[in-house]
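Close look at the chain arrangement
In case you want the letters, here they are:
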Amino acid sequence: MTNHKIAGIVTAVIGLCAIIAFFNAGMDTPILSWPLEAYLGVTFTIGWLTSMPTLLAYLIAALIFILIAVALYKLGSWVYGLVAGRG
């Protein structure tokens, strides 16, 4: 595994943890339940604001988290390339 991939994975994991912590700030739920609570909160918000079918809201929320992870991976890989001087 190259350093670009490792930097991207580390950035994606740290970024997702930060987003999940942001969504759960001030709640009384245990830390192990935070990822599920964040996902269900995003799902509820999508379903409530758009009044779309439940299954579609779940799929869109999962897609949002996947897109965030991919974007953070690409960002971390790109920044590592700039710092390492390899473009």
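Along every chain, residues carry numbers that run from 1 in the direction the sequence is written. Local features in a predicted model are, by the rule used here, given only for residues with pLDDT of at least 70; side-chain atom pairs are given and counted only at 80 or more, and totals for whole chains, interfaces and linings are based on all residues. Calculated side-chain values reflect all of the structure's heavy atoms, with hydrogen atoms and water omitted.

**So, the environment of Leu75**
Looking at where Leu75 falls in the secondary structure, it is placed in helix 3 (residues 54–84). Partly exposed residues are those whose accessible area sits between 20% and 50% of the maximum for their type, while under 20% is buried and over 50% is exposed, using a 1.4 Å probe and protein chains only. The class of Leu75 is partly exposed, set by a relative accessible area of 42%. In sequence terms Leu75 and Ala12 are 63 residues apart; their C-alpha atoms lie 8.5 Å from each other. Numbering of helices and strands runs from the N terminus, with a helix taken as a DSSP run of H or I at least four residues long and a strand as a DSSP run of E at least two residues long.

**Side note on the nonpolar core**
Core analysis: the biggest nonpolar cluster contains seven residues, these being Ile20, Ala38, Val42, Ile46, Ala57, Ala61 and Phe65. Put simply, the parts of the chain that give this core at least two residues each are helix 2 (34–50) and helix 3. Apart from the residues lying within four places of it in its own chain, the contact partners of Val42 are Phe23, Ala61 and Phe65. What we call a nonpolar core is a set of buried Ala, Val, Leu, Ile, Met, Phe, Trp, Tyr and Cys residues that are connected through their side-chain atoms within 4.5 Å. By definition in these notes, contact holds between two residues if any of their heavy atoms fall within 4.5 Å.

**Quick word on helix 3**
Under the 1.5 Å per step criterion, the end-to-end length of helix 3 is 45 Å for 31 residues, consistent within 8% with the ideal 45 Å. The complete set of buried residues in helix 3 reads Ala57, Ala61, Phe65, Ala69, Leu72, Gly76, Ser77 and Gly81. Of the residues one or two after helix 3, Gly85 is the one with positive phi, at around 80 degrees. Between the first and last residue of a helix there are one fewer steps than residues, each counted as 1.5 Å, and that sum is the expected span.

**Side note on unusual backbone geometry**
Phi is positive for Ser51, which is not a glycine, with a value near 50 degrees. Take Ser51: it is sitting in the loop between helix 2 and helix 3.

**Here we look at the packing of helix 1 (residues 3–23) against helix 2**
For helices, the axis comes from a line fit to the C-alpha atoms of the stretch in contact; other axes are also lines fit to C-alpha atoms, and the angle between any two N-to-C directions lies between 0 and 180 degrees. Where helix 1 contacts helix 2, the two axes come as close as 9 Å, and the packing angle between them is 70 degrees. Classified by the angle between their axes, helix 1 and helix 2 sit roughly perpendicular to one another. Along its contact with helix 1, which presents Ile20, Ala21 and Phe23, the element helix 2 presents Trp34, Pro35, Ala38 and Val42. Taken together, the residues that form the contact of helix 1 with helix 2 break down as seven nonpolar, no polar and no charged. Each angle is binned into one of four classes, with values under 35 degrees roughly parallel, values over 145 roughly antiparallel, values of 65 to 115 roughly perpendicular, and all other values oblique. Gly counts as polar in this scheme, as do all residues outside two lists: the nonpolar Ala, Val, Leu, Ile, Met, Phe, Trp, Tyr, Cys and Pro, and the charged Asp, Glu, Lys and Arg.

**Regarding a nonpolar patch on the surface**
Here a patch means residues that are over 30% exposed by relative accessible area and free of salt bridges, tied together within 9 Å if like-charged and within 5 Å if nonpolar (Val, Leu, Ile, Met, Phe, Trp, Tyr). Throughout, the Shrake-Rupley method with a 1.4 Å probe supplies accessible areas, and for residues the shown protein chains are the sole cover considered. Salt bridge criterion: a side-chain nitrogen from Lys or Arg within 4 Å of a carboxyl oxygen from Asp or Glu. Where nonpolar side chains cluster on the molecular surface, the patch consists of Met1, Ile6, Ile9, Val10, Val13 and Ile14 and spans about 590 Å² of accessible area. Among the secondary structure elements, Ile14 is positioned in helix 1. Judged by its relative accessible area of 56%, Ile14 falls in the exposed class.

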